[in-house]
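Descriptive analysis of the structure
The primary structure of each chain is shown beneath.
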Amino acid sequence: MPNPFNLIITLFATTLGAISGIGGGIIIKPIYDAFSTLDVSTISFMSGCTVLSMSIISLLKVKNSGIKLDKFKSSILAIGAAIGGIFGKTLFQTIKLYMENDKFIGSIQSFILILMTVYVFWFVKNKSKIAAKNIQNTVITSGIGFFLGMISSFLGIGGGPVNIAILSYFFNLNSKEATINSIYIIFFSQATNLLTTFITRTVPIYNSNTLLLMISGGIFGGLIGSSLVKKLSNHEIDKIFLYVLTLILFISSYNFTKFTFLTN
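In short, a report on the structure. (Residues numbered from 1 in each chain as written. Predicted model: local features only at pLDDT ≥ 70, side-chain atom pairs only at ≥ 80, totals over all residues. Heavy atoms only, no water.)

Focus: the overall build of the protein chain
On a plain count of helices and strands, the protein chain comes out with ten helices and zero strands. Taken over the C-alpha trace, the protein chain has a radius of gyration of 17 Å; the compact-globule value for 264 residues is 18 Å, and the two agree within 12%. When the backbone C-alpha atoms are referred to their principal axes, the protein chain occupies close to 45 × 35 × 35 Å. Across the 264 residues in the protein chain, those meeting the buried criterion constitute 54%. Taking as baseline every contact in the protein chain between residues at least 6 positions apart, the subset at least 24 positions apart corresponds to 86%. (Helix = DSSP H or I, 4+ residues; strand = E, 2+ residues; numbered from the N terminus. Rg over C-alpha atoms; globule rule 2.2 N^0.38 Å. Buried < 20%, exposed > 50% of the residue type's maximum accessible area, 1.4 Å probe, protein only. Contact = heavy atoms within 4.5 Å.)

A look at the packing of aromatic side chains
Think of a pair of aromatic rings as described by two things: how far the centres are apart, and how the planes are tilted against each other in angle. Per the stated rule, a full pass over the model turns up nine aromatic pairs. Between Phe-45 and Tyr-206 the ring centres are 5.3 Å apart and the planes differ by 40°, which places this aromatic pair in the tilted class. Residue Phe-45 is found in helix 3 (residues 40-61), and its partner Tyr-206 is found in the loop between helix 8 (175-199) and helix 9 (208-231); the two are separated by 161 residues along the sequence. Owing to a relative accessible area of 4%, Phe-45 belongs among the buried residues under this scheme. (Phe/Tyr/Trp six-rings, centres within 6.5 Å; stacked < 30°, edge-to-face > 60°.)

Quick word on a nonpolar patch on the surface
A contiguous nonpolar surface patch, about 390 Å² in accessible area, is contributed by Ile-219, Phe-220, Leu-223, Ile-224 and Leu-228. Structurally, the position occupied by Ile-219 is in helix 9. (Patch = residues over 30% accessible without salt bridge, like charges linked within 9 Å, V, L, I, M, F, W, Y side chains within 5 Å. Areas by Shrake-Rupley, 256 points an atom, 1.4 Å probe, with all protein chains shown as cover. Salt bridge = Lys/Arg side-chain N within 4 Å of Asp/Glu carboxyl O.)

Some details on the environment of Gly-24
Looking at the secondary structure, you find Gly-24 in the loop between helix 1 (3-20) and helix 2 (25-35). Gly-24 sits 24 residues away from Gly-48 along the chain, and the two C-alpha atoms are 9.4 Å apart. Residues contacting Gly-24, with those up to four places away along its chain left out, are Ala-13, Thr-14, Gly-17 and Val-51.

Notes on the side chain of Lys-73
Its place among the elements puts Lys-73 in helix 4 (residues 71-99). Once you skip the residues sitting within four places of it in the chain, Lys-73 turns out to touch Asn-134, Ile-135, Gln-136, Thr-141 and Phe-171.

Topic: the nonpolar core
Buried together is how nonpolar side chains tend to be arranged in soluble globular proteins. Ranked by internal contacts, the top residues of the largest apolar core, which has 50 residues, are Ile-22 and Ile-27. In this structure, Leu-59, Val-62, Ile-180 and Tyr-184 belong to the second largest nonpolar core, which totals ten residues. (Core = buried A, V, L, I, M, F, W, Y, C linked by side-chain atoms within 4.5 Å.)

Structure, rendered in structure tokens:
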């Protein structure tokens, strides 16, 4: 991809990610899968770095915004997500080593993204009719965090729409609350995921100039998105979220078809 394109895509993705709480990697990764020649590991690594930069800026910006962040519960979720991130990273590396086929792995990731996106779209459209829970049990909360971190790390998306659906349903959070709590979890899971990558010396080959542009996009996306989320209503955030889900569904469907065809 031309260098300016890297900045534009990551800025667009992380701005939407900061507004809706999905992180941005779930937009970045499918687009790079579709239009770049980079392998799956490199895309996941650079996407993770970008989303981490966005989450740091977003958390700093919304610190005094008045949006509810239950630090105890969110920290339990985040710790579970961090452990789940390690597990998801290990699972990804194991499958990659065993299969020795990036296109097949890309096909699996795209298929899971499609299933997740369809489910979350249905949930958001119908959540007014669904009675939300309010989980207080620490063990269950950490287990939910583990699941979110594992999925995020395995797919290399740094968060994702499933965060919002699960946080809204299990913890009875509105859209703004789910957004900031999701980004809090994303920060911990991505930090742990990248730390594991460096410790295990599985950092893929990447272009440092491209990565710098992507991280810059993540920083500015965090600034813009966190500023907008304070001004938008919960209904407006839900509408943006549904548009994002539609985009993700189209791109992931294209990638699944591409990877499956090339695998065969």
